[in-house]
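Per-entry structural report
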Amino acid sequence: MKQAWIPFASRPVPRYTSYPTAADFTPQVAEREARLWASQTAPDKPISVYIHVPFCEKLCFYCGCATSVPNGYTRIAAYLETLHREIDLWAASVGPHTGMAHLHFGGGSPNALSADDFKDLVAHACRAFGLRPGAEMAVEIDPRGLTPDFIDAMATSGVTRVSFGVQTLSPKVQEAVGRIQPKFLLSEGIERLQAAGIRAINMDLMYGLPDQTVSDVEEAAHFAAEMGAARISLFGYAHVPWFAKHQAAIDEDALPGLEARFDQALAGARTLELAGYHAIGLDHFARADDSLSLAARTKTLHRNFQGYTDDPCVTLIGIGSTSISQFSNGYVQNFKERTAWRATIEDGRLPIERGIVLTEDDRLRARAIETLMCQMEVDVDAICDEMNAARGSLADALETARFLQSAGLCQIDGSLIRVPPEARLFLRTVAQCLDGRYKPTPRRHAKAV
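Here's a quick rundown of the structure. Every value quoted in this text rests on a predicted model; they were computed, and no experiment measured them.

What follows concerns the overall build of the protein. Looking only at helices and strands, the protein features 15 helices and 17 strands. The C-alpha radius of gyration of the protein comes to 21 Å, within 12% of the 22 Å expected for a compact globule of 449 residues. For the protein, the spread of C-alpha atoms along the principal axes amounts to about 55 × 50 × 40 Å. Counting only carbon and sulfur atoms, one obtains 52% of the accessible surface of the protein, whose full area is about 18400 Å². For the protein, the separation between the mean place of its 45 positive charges and that of its 54 negative charges on side chains is 2 Å.

So this is what it looks like as structure tokens:
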């Protein structure tokens, strides 16, 4: 890493899976807005649906997701009962549309559900919202709990893509993060998925874990490529124990430093690119024939709460505790605390805890940030033209970016801001220049690298 980059690497910045970010959500925006916005869906457009399953058989120490260990199936069954009721509430609230183009199950670990319960959940969502021909149905999987019955349930239900949590193959690192999964278990799970007809497999890898080395990251990247992953995400571990309490189990003294993290990320990216994968935005890689690569080439790539996507839907309905819904007018988020989430649904109301109404400035900056995050460059004057805003509306971003240009984190040519490939890991740092709401908040966001 260049010495001039080190101060920027340690600064906390948002992930920009949305703009405004969830840090700006407020309780003043809640169910009333959610019902109104849901009723205003475009009748000639599809929607996306995300269903959150907040349970894992075991907690991984590094995880920052909203999840817990159920200690038996009773809690899962009770959650599922409420989840079905929430599906009905949203289905009754959403206006006419042309069906689901994307249905995504995340967590937690959706394979914490029984095979029969998963099939019932998929069937209910499809009845409630309709599933378009050729729709993508994706499921995030913990390979440690992947059973033949669950694979059959996914295949029978029409699942087209699975996201496989690999993270690392190093036994020492797996021990340090509380996620023991031998290589043969991963290989067998992938082979069974492919044999069942689910061949679009994403793999999640991580760098910056305790005791992790460059060779550990390279090994995991080689494995993902050899197993034929369609898409690979290479995430940096975000150590935020004040937010994710179980991260306190991680030995901070064993965490790689900033420069070591940077070297690991570069080594993983280099390995994947040599294996034929195309770099997508900040931290994704895809085969040339994958739809994500096509979207990147045609500049139709998007970014939402699941990361980089080729999903163009304006309306995304989030179902389950903590889930976030996206509409053309704003965002709303469900209650995180499950007792409140359940009680609200039992009262016949959408379980919205907070949200935000988009201003015209938000829309302009959201478009500019998404463009930069997806294309590694943005012409701010062109974005102003596209969004019918006065040229110069993003002049503040250009001025802020000039400071980063002096450090080599971006290049400015007129109204064009470009992030060079070697500074890819600082994409969020450059995107922050476009953020009109950002306020430095200690212990809120993860470090840039």
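Read on for the rest.
Inspection of the secondary structure puts Ile383 in helix H13 (residues 380–386). Judged by its relative accessible area of 4%, Ile383 is buried. Considered as a pair, Ile383 and Leu364 are 19 residues apart in the sequence and their alpha carbons are 7.3 Å apart.

Scanning all chains against the criterion turns up 22 salt bridges. Residue Arg35 is joined to Glu31 by a salt bridge in which the shortest nitrogen-to-oxygen separation is 2.7 Å. Of this pair, Arg35 and Glu31 both sit in helix H2 (residues 31–39), 4 residues apart, which is roughly one turn of the helix. A relative accessible area of 32% means that Arg35 is categorised as partly exposed. Put simply, Arg363 and Glu360 hold a salt bridge, and the shortest N to O gap is 3.3 Å. Here Arg363 and its partner Glu360 are both found in helix H12 (residues 360–375), 3 residues apart, which amounts to about one turn of the helix. Judged by its relative accessible area of 59%, Glu360 falls in the exposed class. Here the salt bridges do not stand alone but share partners, grouping Glu136, Arg161, Arg231, Asp290 and Asp310 into one network.

At a minimum axis separation of 8 Å, helix H8 (residues 214–226) and helix H9 (residues 258–274) run at an interaxial angle of 25°. Looking at the two axes, H8 sits roughly parallel to H9. Every pair of crossing elements has a handedness; the one defined by H8 and H9 is right-handed. Taken together, the residues of H9 that come into contact with H8 (itself represented by Val214, Val217, Glu218, Ala221 and His222) are Asp263, Gln264, Ala267, Gly268, Arg270, Thr271 and Leu272. Class assignment for the residues of the contact of H8 with H9 results in 5 nonpolar, 4 polar and 3 charged.

Below, the discussion takes up the pairing of strand S2 (residues 100–107). The buried count for S2 comes to 8 of 8 residues, which makes it a mostly enclosed element. As a crossover connection, the stretch from strand S1 (residues 47–53) through helix H3 (residues 74–93) into S2 is right-handed. Here S2 pairs with strand S3 (residues 131–141) via 5 bridges, running parallel. Pairing of Phe105 across the sheet is with Val139, part of S3. At this point the chain moves from S2, through helix H4 (residues 115–129), to the parallel S3, and the crossover so formed is right-handed.

Glancing now at the nonpolar core. The biggest cluster of nonpolar side chains holds 118 residues, and the ones touching the most others in it are Ile51, Trp90, Phe118, Met154, Phe164 and Met203. It is H3 that provides the largest number of residues to this core, a total of 7 residues. Excluding anything up to four places from it in sequence, Phe118 contacts Phe105, Leu113, Val139, Phe150, Ala153, Met154, Ser157 and Val159. Cys60, Tyr62, Leu209 and Tyr237 belong to the second-largest nonpolar core, a separate cluster that totals 9 residues.

Moving on, we get to the packing of aromatic side chains. When we look at a pair of aromatic rings, we describe it by the centre distance and by the angle of the planes. Counted under the stated rule, the structure contains 12 aromatic pairs. With a centroid separation of 6.0 Å and an interplanar angle of 65°, the aromatic rings of Trp5 and Phe262 are classed as edge-to-face. In this pair, Trp5 is assigned in the segment before helix H1 (6–9) and Phe262 in helix H9, connecting sequence segments 257 residues apart. Among the residues examined, Trp5 registers a relative accessible area of 2% and is labelled buried. For the pair Phe25 and Tyr331, a centre-to-centre distance of 6.0 Å together with 20° between the ring planes defines the contact as stacked. Of the two residues, Phe25 is situated in the loop between H1 and H2 and Tyr331 in strand S13 (residues 330–334); the sequence distance between them amounts to 306 residues.

A few words on the sheet that holds strand S17 (residues 416–418). One open sheet accounts for 3 strands, arranged S15-S17-S16; its pairing is antiparallel. Only two strands of the sheet have a single neighbouring strand rather than two, namely strand S15 (377–379) and strand S16 (411–413). The mean inter-strand angle of the sheet, taken between neighbouring strand axes irrespective of direction, is 15°. By the bridge criterion, 3 bridges tie S16 to S17 in an arrangement that is antiparallel.

How each quantity is defined
- Residues numbered from 1 in each chain as written.
- Predicted model: local features only at pLDDT ≥ 70, side-chain atom pairs only at ≥ 80, totals over all residues.
- Heavy atoms only, no water.
- Helix = DSSP H or I, 4+ residues; strand = E, 2+ residues; numbered from the N terminus.
- Rg over C-alpha atoms; globule rule 2.2 N^0.38 Å.
- Areas by Shrake-Rupley, 256 points an atom, 1.4 Å probe, with all protein chains shown as cover.
- Lys, Arg positive; Asp, Glu negative; His and termini not counted.
- Charge placed at Lys NZ, Arg CZ, Asp CG, Glu CD.
- Buried < 20%, exposed > 50% of the residue type's maximum accessible area, 1.4 Å probe, protein only.
- Salt bridge = Lys/Arg side-chain N within 4 Å of Asp/Glu carboxyl O.
- Axes fitted to C-alpha atoms, helices over the stretch in contact; angles between N-to-C directions.
- Parallel < 35°, antiparallel > 145°, perpendicular 65-115°, else oblique.
- Left-handed = near helix turned anticlockwise from the far one by under 90°.
- Contact = heavy atoms within 4.5 Å.
- Nonpolar A, V, L, I, M, F, W, Y, C, P; charged D, E, K, R; others polar.
- Right-handed = clockwise from strand over helix to strand, strands pointing away.
- Pairing = 2+ DSSP bridges.
- Core = buried A, V, L, I, M, F, W, Y, C linked by side-chain atoms within 4.5 Å.
- Phe/Tyr/Trp six-rings, centres within 6.5 Å; stacked < 30°, edge-to-face > 60°.

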